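Geometric and topological summary
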Amino acid sequence: MEKKRHTFSSGIGFVLAAAGSAVGLGNLWRFPYLAAKYGGGMFLLIYIILVFTFGYTLMIAENAIGRKSGKSSLDAFAALKKKWGFVGIIATLIPCIILPYYNVIGGWIIRYFFEYFNGFMSDISCAFWNLAPVGESGFGAHMAAGGEYFTNMLGSAPTLIIVQSIFTIIVAVVLLMGVQKGVEKASTILMPVLILLAVIICIYSITLPGAIEGVKYFFIPKAENFSIMGVLAAMGQMFYSLSLAMGIMIAYGSYIPKDSSIEKNVGRIELFDTLIAVMAGLMIIPAVFAFDPTQISKSGPGLMFVVLPQVFDSMPLSNLMGMLFFFLVFAAAITSAISLMETIVACVCDHTGLGRKTSVIIVALLTLAISTLPALGYNVLSGVKFFDRFDILDFMDFITNSVMMPICSLLICLFVSFGIGTKAIEDEVEIYGAFRRKKLFRIMIKYVAPIFVLAVLVSSVLNSFGIITM
Ligand code: TRP
């Protein structure tokens, strides 16, 4: 990596690559269940404000740090100011915890894809032989029954371990073959298809009887739905969805050509990522109200896997829709997982002197081993609960997004203010193009963002221990 750093051929190349990393399970799986859980419109409002103020500031800072230092996260801080090297270590640790549970969800997606694929195949053979379809409303019907399919899947440790291993192995094989270029091409075709399908499913969901209540819930903020835990969750989701506060955007920044505007690119990535998240919310939340409003209060990581089958089941060509949809989610997830694993592999390569192939294999084996824990958390180890309420997967998710990432973002703000000075970042941004929101950037990174993160972190800890209630 240190040798000759090739840059993206154009700003658009960077935007596509960064969007490929940003758009993934965070938008499609994580955002809708958090929005459902933390008060719909209120969560959406907080999220959007955060993305375009705090997220904007942090993404500019990270990209500029990357382009200035020409290094990835682990070394970038040290390269600019030796004393601050430790921030790079914390930042790099985060993807190492995210990847193992990302793969677990990737595995669920694969399982669902094959379920619909089988259903579709039997639809085709029924049509071909002129037979009546199996069951009343097609093959997908049994998946719809109140999330029973999902619960059964989680109960079976071998199933989970097999599917998530398949996911991890695919990611590792892509990295070994070095076909990232091909993956990038594929995702530029698949992404528009995903958007088109999402629009169709959105329209369908919104027009279900009773769904309008869900649309209202998602778009209209209600003051009584405000909670400090909701703010913390929205902040964590913002980091997660934009791949911030973990050094990823630093690595991407180091590939931005000097004659490309950082500010413009950041704006595009944020807008795109947020639009996809809002669409995912519109596919899922109105449907919850149409089928079973009680799901809203119970919503957790399984929401998408319980609600969408119900939507598909009531659509024409249900198996085809389900199959297509889960394939596209798989495509979005795999590009993100590749970029996650690549980050870790690059660090291992640079710092151990091991070859790339060996590093990929070691990282993949470690990921496989660690990811059995979150999978077993739903069956064999279901007794293990952190703070009385987190399963293992939830806990890995919570500790990274709601604890480590806020701390890391705070450190990045302090690094910019006290380590290298905001001017260093501003100059880097202004190498090409104007920095129109420079004032906003300066005030955010110096004062608002650090104070905000501290306040939210402290009050949510106090809240968790019942010392204050907010
Ligand atoms: N942003 C990705 C998503 O929305 C998830 C993610 C978090 C990620 N950190 C990352 C992807 C690092 C690639 C690299 O799903």
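To be clear, the structure that these remarks concern was listed above.
Residues numbered from 1 in each chain as written. Predicted model: local features only at pLDDT ≥ 70, side-chain atom pairs only at ≥ 80, totals over all residues. Heavy atoms only, no water.

**Quick look at the nonpolar core**
The biggest cluster of nonpolar side chains holds 164 residues, and the ones touching the most others in it are F54, W108, M304, F305, F325 and F326. Counting residues per element, this core draws most heavily on helix α16 (residues 318-352), which supplies 17 residues. Excluding anything up to four places from it in sequence, F54 contacts I49, M235, M238, F239, S409, M444, A449, F452 and V453. (Core = buried A, V, L, I, M, F, W, Y, C linked by side-chain atoms within 4.5 Å. Buried < 20%, exposed > 50% of the residue type's maximum accessible area, 1.4 Å probe, protein only. Helix = DSSP H or I, 4+ residues; strand = E, 2+ residues; numbered from the N terminus. Contact = heavy atoms within 4.5 Å.)

**Digging into the layout of surface pockets**
In this model, the second largest pocket occupies a volume close to 770 Å³. Considering the residues around the second largest pocket, the lining is formed by 32 residues, among which K37, S299, G300, P301 and D394 are closest to the centre. Sorting the residues of the lining of the second largest pocket by element identifies α2 (25-37), α7 (148-155), α11 (228-241), α14 (295-298), α15 (303-313) and α18 (392-420) as the ones contributing at least two each. Looking at the lining of the second largest pocket, its residues break down into 15 nonpolar, 9 polar and 8 charged. (1 Å grid on protein atoms, 1.4 Å probe; cavity = no way out; pocket = protein on both sides within 12 Å on 5 of 7 lines; lining within 4 Å. Points joined across faces, edges and corners; volume = space filled by probe spheres on them. Nonpolar A, V, L, I, M, F, W, Y, C, P; charged D, E, K, R; others polar.)

**Some words on the site of the ligand**
Every one of the 15 residues lining the ligand counts as a neighbour, but A22, L25, G26, Y102 and Y240 are closest to it. In the model, a nitrogen atom of the ligand is placed 2.8 Å from a nitrogen or oxygen of the Y240 main chain. Contact with the protein chains hides 100% of the accessible area of the ligand, taken as 360 Å² for the molecule alone. Of all the cavities here, the one that holds the ligand is the largest cavity. (Near = heavy atom within 4 Å. Polar contact = N/O pair within 3.5 Å; in protein donor to acceptor, adjacent residues only side chain to side chain. Areas by Shrake-Rupley, 256 points an atom, 1.4 Å probe, with all protein chains shown as cover. Sits in = over half its atoms within 2 Å of the grid points.)

**A word on the environment of G421**
Relative to the assigned elements, G421 resides in the loop between α18 and α19 (422-429). With a relative accessible area of 17%, G421 lands in the buried category. The spatial distance from the C-alpha of G421 to the C-alpha of K446 is 9.6 Å, given a sequence separation of 25 residues. For G421, the residues in contact, after removing those within four places along its chain, are F415 and V416.

**Focus: the environment of A277**
Its place among the elements puts A277 in helix α13 (residues 262-291). For the pair A277 and F77, spaced 200 residues apart in the sequence, the C-alpha separation amounts to 31 Å. Those residues in contact with A277, other than ones at most four positions away along the chain, are N27 and F31.

**With respect to helix α3 (residues 41-69)**
A turn of α-helix holds 3.6 residues, and therefore any two residues three or four places apart point the same way. Taking 1.5 Å as the rise per residue, α3 with 29 residues should run 42 Å; its terminal C-alpha atoms sit 40 Å apart, in good agreement. Roughly 40 degrees is the biggest bend found in α3, and it falls at V51. Counting buried residues along α3, 23 of its 29 residues qualify, which places the element largely inside the surrounding structure. Trailing α3 by a residue or two, G70 shows a phi angle of about 65 degrees, which is positive. (Expected span 1.5 Å × (residues − 1). Bend = angle between axes of the 7 residues up to and from the residue.)

**Structural notes on unusual backbone geometry**
The residue S243 is not glycine, and still its phi comes out positive at about 50 degrees. By the element assignment, S243 lies in the loop between α11 and α12 (248-253). Accessibility expressed as a relative area gives 6% for S243, which makes it buried. In this model, A245 sits at a positive phi of 60 degrees, which is unusual for a non-glycine residue. Within the secondary structure, A245 sits in the loop between α11 and α12. Residue classification places A245 among the buried residues on the basis of a relative accessible area of 0%.

**Focus on the pattern of salt bridges**
Under the definition given, this model contains 10 salt bridges. The partner of R30 in a salt bridge is D397, with the nearest N and O atoms 2.6 Å apart. In this pair, R30 is assigned in helix α2 and D397 in helix α18, connecting sequence segments 367 residues apart. One exposure class covers both R30 and D397, and it is buried. One salt bridge connects R442 with E426, and the closest N-O pair in it is separated by 2.9 Å. (Salt bridge = Lys/Arg side-chain N within 4 Å of Asp/Glu carboxyl O.)

**A word on a positive patch on the surface**
On the surface, a cluster of positive charge is made up of K264, R268, R436 and R437. Mapped onto the fold, R436 is located in the loop between α19 and α20 (438-464). By relative accessible area, R436 is classed as exposed at 69%. (Patch = residues over 30% accessible without salt bridge, like charges linked within 9 Å, V, L, I, M, F, W, Y side chains within 5 Å. Lys, Arg positive; Asp, Glu negative; His and termini not counted. Charge placed at Lys NZ, Arg CZ, Asp CG, Glu CD.)

**Brief notes about the packing of α3 against α20**
One way to put it is that α3 packs onto α20 with a least axis distance of 10 Å and a crossing angle of 110 degrees. The orientation of α3 relative to α20 falls into the category roughly perpendicular. Packed against α3, whose contacting residues are L50, F52, T53, F54, Y56, T57, I60 and A61, the element α20 presents L440, F441, M444, I445, A449, F452 and V453 at the interface. Tallied by class, residues from the contact of α3 with α20 come to 13 nonpolar, 2 polar and no charged. (Axes fitted to C-alpha atoms, helices over the stretch in contact; angles between N-to-C directions. Parallel < 35°, antiparallel > 145°, perpendicular 65-115°, else oblique.)

**Some points on the packing of helix α5 (residues 85-129) against helix α8 (residues 157-177)**
The N-to-C vectors of α5 and α8 enclose an angle of 105 degrees; their axes lie 7 Å apart at closest approach. When the axes of α5 and α8 are compared, the pair comes out roughly perpendicular. Across from N103, V104, G106, G107, W108, I110 and R111 in α5, the residues of α8 making contact are T159, L160, V163, Q164, I166, F167 and T168.

**Observations regarding empty space enclosed by the protein**
A complete count under the given rule lists 2 cavities of 30 Å³ or more for this structure. The space that makes up the largest cavity amounts to roughly 140 Å³. If you go around the largest cavity, you meet 13 residues; those closest to its centre are S21, Y102, Y240, S243 and L340. With 3 residues, α16 is the largest single contributor of residues to the lining of the largest cavity. Considered class by class, the residues forming the lining of the largest cavity number 8 nonpolar, 5 polar and no charged.

**What to know about the packing of aromatic side chains**
Summed over all chains, the structure comprises 37 aromatic pairs. Arranged with centres 6.3 Å apart and planes meeting at 75 degrees, the rings of F31 and F218 form a pair that is edge-to-face. Residue F31 is located in helix α2, and its partner F218 is located in helix α10 (residues 212-219); the two are separated by 187 residues in the primary sequence. Judged by relative accessible area, F218 falls into the buried class, the value being 0%. (Phe/Tyr/Trp six-rings, centres within 6.5 Å; stacked < 30°, edge-to-face > 60°.)

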